Amino acid sequence: MADTKNQGFDIAAVREKLAKKSGPEYWRSFEEVAETPEFHAWVEDEFPNRSSLLDINRRDLIKFMGASMMLAGLAGCRSLVLPTEKVVPYVTKPEDIIPGRPLQFATVLGHNQSALGVLVTSYEGRPVKVEGNPNHPQSKGRSSSFAQAAILDMYDPDRAREVHKKNFPSTWDQLGRDADAAFTAAAKDGKAIVILTETIVSPTLKSQITRFQAKYPNAEVMQYDAVSPDNMLEGNRMALGQPALTVPSLDGAEVILAVDADLFGDMPDSVRLASEFAAGRGLENTNRLYAIESTPTLAGAMADHRRAAKPSLVEAYLEALHTAILGGSGSAPTGVDAAFVAKVAADLKGAGKAVVVAGFSVSAAGHAHVAHINDALSGVQYQAPLMPQPGSQLAGLRKLTQQAAKGEVGALVILGGDPVYNAPADLKFAEALSKIPFSVHQTEHYNDTSFLTTYQAPCSHVFEGWGDLRSLDGTVSVQQPLIAPLFNTKTASEMIASLAGRPRTSHELVKETYAPIAKTAAWDKALHDGVIANSGAPKTMAVTGQPGAAPKPANGLEIAFRPDPTLWDGRYANNGWMQELPKPLTTITWDNPALISPRMADQLGIKDGAHIKVVVGDKSVELPALICVGHADDCITLMIGSGRKEVGSVGHGAGVNVNPVRNSAGFWMANGAVELAGGRTDLALTQTHHSMQGRDIVRAFDVEDVRKGTMDIPEHHFDIHTNMYPDTKDEFPWDGAQWAMTIDLNLCTGCNACVTACQAENNIPVVGKLQVLKGREMHWIRIDRYYRVGAGNEAKDPNDQLDPKNHASDVFNGDEISTVMMPLACMHCEIAPCEPVCPVAATVHSHEGLNQMVYNRCVGTRYCSNNCPYKVRRFNFLNYTDNQGQFMDRTEVPYTWTVTSTEKPSGRAMLKLLNNPNVTVRGRGVMEKCTYCVQRINAARIDAKRDKRAIADGEIITACQGACPTNAIVFGNIADANSVVSKNRKNPRNYFLLEELNTRNRTTYLAKMRNPNPEMNNV
């Protein structure tokens, strides 16, 4: 048997503690349960690894100093950071512009086969912040971390700037002439012209491609996404008679089943789905969520009941569920929990509205099963693809590579993506591309594919040009520019129009698409609202066909491929915000380790960071392993999107490229093998950077206990008015507004939208992997993840010793692991422990209840952080912008074609545009933390004072609150008894974090509610 003690903790001891309930009820990591000496040494040292403060390799530091790494200090108040510059006032002030006052413009962002309507805040023509558009049905005023990060992508100095031919500077005119000659020659020789795009969701781009095909009849269009909807389209074709994307609605759903579907993460329209789910999670009408999945997801974390199963077994669960709901004969396949399936089927059939959602990784047969199940329940709607193609995306890509290998392709136009990097390895796309006489790749960041094409063409960012996008439900939104293109770029529609011989501006092209309304009031309304009225039209289609047989569960190890939670398919690899954003559940940053279950780790003797070799066929990849609670046994999950070599200085080489073992036959799942490889990688996880020492942190109750008022709430025996501070018996000792926040743990999915929104709003820097390893990440909000064995249906008798071999309390099973996500920022304590210990009064209390930091007083003693029981203060150990500024202008970057133009903004100038002008940028040696977005409070106060009125409830929306898809965060004035935040604080579920410390937090929490199926006891 493998020696498990070399993992840093004894898995057997952890298992025994959890089985006997002798460990903590809620825990964040195995190290915490095991109580290892190393873990205690880490959490007891307020500033671990302090001796290595200067142990930093400048070359590595510069490597990570991309767009996001230069945020701190570029607009700060320190003289060493910025040179003196002259200020030139307006000669004639533009109409509707008030200096210092932002404007918001409606536009739209595309992601994962759909679109999200957003509002972009702009200061004097400089976009700085993304918010959700309340008029858009997919965002409903909320957003995602991907949407928040879009602003950083626009200002990335590594963006493609000019046209290049074979990696040397060229022009758009030269590209047009050479393309026309290549297209003419291909038509004359009877060779194909191919346009390869990502999935098309733009009506304007579709119309330009149609015009291009009219000029060149031999032109073919193929679409390919590394996160391909092939299985869903094919499965729905089997069930509906035509390819279609499923448009599920959770609005009013009483019972929901997610099958390898991360409803709140990697599913299309995840923002809308999260919002609809949260709306049904109230006290009176509480929905119930089931999850069957191989890789732990946010949906699984929110589920009331969950089953972990390797991918082929997930398919077997679906087939068994189809039989249980629609009837049929035969017993459940081996490995399927028949009792669980029976209870879920009964719950689904008994609900007024029930929905089953399958993820993209589920097979086509599985999606056909889901279509039949939904048809028997409440039904769902569907949307035909905007530009369908014969066969699947993978079939089209295979055809292209085969034609190219035979010399049958005369010209290739690639719009976006990076197929050389992420196409299935067996298709040998790079080899095929080298045999095409003329090729052009248009993209925002030149990458592996660009290196091999004849021409490299820069693409405008979504905020730099006109366009349009269609959401999954059919809603069309106009994409309007926020800023003139920073470089010599074109939109995809502009380039295709030019290649078709009819050059137009993007504005002209969009106006052509919507000519019927372009000169009417409806057009102005569409631009203002961000949506074209009545354009959404999902359909209810009849289910007629029969589902095929699902893949049978196979013996042996299975490899699951999944999109990275923060990098997606790799398109965000050069975005420092997304690289350093802790991935939900694992909290990993700057890496993509192979995820394995605790049982597999125990059997193989694998510890976190140990290198393993994953073998698929005759290909293999070596990468570090990470033990993941709740992961299915006999399965390893590999995240695509990392290990990119030619994408930019931030993402260059971060993580491991797993695409070499991803084949077209095993696009989402493959059979493989694993072996120890030797070596180790230090993984930058944030989950163990702090510890609450076993104190009462997380509270969760069954919904029935909440309804009956029988919640088991810990009692704290202390006198709230007996303390060492001056007597403050009045609840609010100050006049005026008293700001506070409540966070509902019942609604938080852990999606991280709040973390990225806070980073964008408050100019928070990225520090790089080395500093994260030392516990020096700078996020003002962190999302703590807590596990608990059992999901509300475990034995109630505390004296009942559960058998770890047969009960869900076995942590190695992972089925009934209950997960709670807890956002944590500054608590804004009324009696703040940080204030009396500061020797220079840098941390002070405002008359409105805010704990404030005076940056220019801070001398860096860090006493405040040491005295903070919540560990929410962040210290700038380093100046992440390099005071010398040697590399800020980025005149040297790792691309032969990228040079700094004298006519366009340099990297430094671009990054100066990114910062929020209403928030100070902090230099080295300053303590910083959440401010409740005091800049927004001040702006609202000025408006109210100007209008001679009080600030209305809900008028101030903090950055984290505005981004949250589930409305879990509420901010307001607790001096107003009718405010939402005041009502939340009177909720029986409301509690103070570490109330026994008598800090009187202004931020409080509402306990999580579980809604277990009472029929599931002992199932």
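Our structure is the block above this text.
The text that follows walks through the structure, step by step, so that each part is easy to find. (Residues numbered from 1 in each chain as written. Predicted model: local features only at pLDDT ≥ 70, side-chain atom pairs only at ≥ 80, totals over all residues. Heavy atoms only, no water.)

### Side note on helix 12 (residues 338-350)
Next, step 1: Helix length check: helix 12 (13 residues) gives 18 Å between terminal C-alpha atoms against 18 Å at 1.5 Å per residue, within 8%.
Next, step 2: Within helix 12 the residues assigned to the buried category are Phe340, Val341, Val344, Ala345, Asp347 and Leu348. In an axial view of helix 12, the angular spread of the buried residues amounts to 165°, which keeps them on one side of the axis.
Next, step 3: The secondary structure elements touched by the buried residues of helix 12 are strand 9 (255-259), strand 10 (288-293), strand 11 (305-308), helix 11 (311-326) and strand 12 (354-358).
Next, step 4: Its side-chain oxygen at 3.3 Å from the backbone nitrogen of Ala339, Asp337 defines the N-terminal cap of helix 12. (Helix = DSSP H or I, 4+ residues; strand = E, 2+ residues; numbered from the N terminus. Expected span 1.5 Å × (residues − 1). Buried < 20%, exposed > 50% of the residue type's maximum accessible area, 1.4 Å probe, protein only. Arc of directions from axis to C-beta. Contact = heavy atoms within 4.5 Å. Polar contact = N/O pair within 3.5 Å; in protein donor to acceptor, adjacent residues only side chain to side chain.)

### Re the nonpolar core
Inside soluble globular proteins, nonpolar side chains tend to come together where they are buried.
Next, step 1: Phe463, Ile636, Leu638 and Met822 are the most contacted members of the largest nonpolar core, which has 153 residues in total.
Next, step 2: The biggest single contributor to this core is helix 5 (residues 145-154), with seven residues.
Next, step 3: Those residues in contact with Phe463 that lie beyond four places of it in its chain are Thr107, Leu109, Val120, Val130, Ala150, Ile151, Met154, Pro481, Leu482 and Ile483.
Next, step 4: Ranked by size, the runner-up nonpolar core spans 30 residues in total, among them Val163, Ile193, Ile209 and Ala500. (Core = buried A, V, L, I, M, F, W, Y, C linked by side-chain atoms within 4.5 Å.)

### Focus on the packing of aromatic side chains
Next, step 1: If you walk through the whole model with that rule in mind, you get 17 aromatic pairs.
Next, step 2: A centroid spacing of 5.0 Å and a plane angle of 35° characterise the contact between Phe146 and Tyr572, whose relative ring orientation is tilted. Remark: Tyr572 occurs in the loop between strand 19 (557-563) and helix 21 (576-580) and Phe146 occurs in helix 5; sequence separation between them is 426 residues. Of the two residues examined, Phe146 and Tyr572, each falls in the buried class.
Next, step 3: Measuring from centroid to centroid gives 5.3 Å for Phe183 and Phe212, while their planes differ by 85°, and the two rings are edge-to-face. Within this pair, whereas Phe183 is found in helix 6 (residues 172-189), its partner Phe212 is found in helix 7 (residues 203-215), the two being separated by 29 residues in sequence.
Next, step 4: Overall, the relative accessible area of 0% leaves Phe212 in the buried class.
Next, step 5: Members of the aromatic cluster, joined through ring pairs, are Phe183, Phe212, Tyr216, Phe438 and Tyr455.
Next, step 6: Cation over ring: Lys490 sits above Trp172, and NZ or CZ is 5.2 Å from the ring centre.
Next, step 7: Looking at Arg644, its charged tip hangs above the ring of Tyr421, at a distance of 4.9 Å from the centre. (Phe/Tyr/Trp six-rings, centres within 6.5 Å; stacked < 30°, edge-to-face > 60°. Lys NZ or Arg CZ within 6 Å of the ring centre and 35° of its normal.)

### Focus on the packing of helix 7 against helix 18 (residues 492-499)
Next, step 1: Running from N to C, helix 7 and helix 18 point in directions that differ by 15°, and their axes come no closer than 9 Å. The angle between the axes of helix 7 and helix 18 places the two elements in the roughly parallel class. The two elements helix 7 and helix 18 cross, and the hand of that crossing is left-handed. Across the interface between the two elements, Thr204, Leu205, Gln208, Ile209 and Phe212 from helix 7 touch Ala492, Ser493, Ile496, Ala497 and Leu499 from helix 18.
Next, step 2: Taken together, the residues of the contact of helix 7 with helix 18 sort by class into seven nonpolar, three polar and no charged. (Axes fitted to C-alpha atoms, helices over the stretch in contact; angles between N-to-C directions. Parallel < 35°, antiparallel > 145°, perpendicular 65-115°, else oblique. Left-handed = near helix turned anticlockwise from the far one by under 90°. Nonpolar A, V, L, I, M, F, W, Y, C, P; charged D, E, K, R; others polar.)

### Here's the deal with the packing of helix 7 against helix 19 (residues 506-513)
Next, step 1: Running from N to C, helix 7 and helix 19 cross one another at 90°; their axes reach a closest spacing of 9 Å. Accordingly, the angle class assigned to the pair helix 7 and helix 19 is roughly perpendicular. Along the contact surface, helix 7 presents Pro203, Thr204, Ser207, Gln208 and Arg211, while helix 19 presents Leu509, Val510, Glu512 and Thr513.
Next, step 2: For the contact of helix 7 with helix 19, the residue count by class is three nonpolar, four polar and two charged.

### A few points about the pattern of salt bridges
Next, step 1: According to the stated counting rule, one finds 39 salt bridges in the structure shown.
Next, step 2: With a closest N to O distance of 2.8 Å, Asp347 and Arg288 form a salt bridge. Separated by 59 residues along the polypeptide, Asp347 in helix 12 and Arg288 in strand 10 bring together distant segments of the chain. Across the pair, exposure class does not vary: Asp347 and Arg288 are buried alike.
Next, step 3: Close ionic contact of Arg707 with Glu704 constitutes a salt bridge, the shortest N to O distance being 2.6 Å. With a gap of three residues between them, Arg707 and Glu704 both fall in helix 23 (residues 703-708), about one helical turn apart.
Next, step 4: Connected through shared salt-bridge partners, Asp943, Arg946, Asp947, Arg949 and Glu955 make up one network. (Salt bridge = Lys/Arg side-chain N within 4 Å of Asp/Glu carboxyl O.)

### Describing unusual backbone geometry
Next, step 1: Unlike most non-glycine residues, Lys166 shows phi in positive territory, near 50°.
Next, step 2: For Lys166, a relative accessible area of 55% gives the class exposed.
Next, step 3: Backbone geometry at Arg1000 places phi at a positive 55°, although glycine is not the residue there.
Next, step 4: On the accessibility criterion, Arg1000 (16% relative accessible area) is buried.

### Notes on the environment of Val837
Next, step 1: By the element assignment, Val837 lies in the loop between strand 30 (817-824) and strand 31 (843-845).
Next, step 2: Expressed as a C-alpha distance, the spacing of Val837 and Thr861, which sit 24 residues apart in the sequence, is 9.8 Å.

### Structural notes on the pairing of strand 24 (residues 635-640)
Next, step 1: The element strand 24 is extensively covered by neighbouring structure, given that six of its six residues are classed as buried.
Next, step 2: Because side chains alternate across strand 24, one face comprises the buried residues Cys635, Thr637 and Met639, and the other comprises Ile636, Leu638 and Ile640, equally buried.

### Structural notes on the environment of Met387
Next, step 1: Among the secondary structure elements, Met387 is positioned in the loop between strand 13 (381-383) and helix 14 (393-405).
Next, step 2: With a relative accessible area of 11%, Met387 lands in the buried category.
Next, step 3: Beyond its immediate chain neighbours, meaning those up to four positions away, Met387 contacts Ile200, Lys206, Ile209, Thr210, Gln213, Val221 and Gln223.

### Structural notes on the sheet that holds strand 35 (residues 969-973)
Next, step 1: Across the sheet, which stays open at both edges, the four strands sit in the order 35-28-37-36 with mixed pairing between neighbours. Whereas interior strands pair on both sides, the edge strands pair on one side only; in this sheet they are strand 35 and strand 36 (990-991).
Next, step 2: The sheet contact formed by strand 28 (residues 739-744) and strand 37 (residues 1003-1006) spans four bridges and is parallel. Residue Asp744 lies in a different strand from strand 37, and its bridge partner there is Leu1006. (Pairing = 2+ DSSP bridges.)

That's the geometry; what it means functionally is another story.
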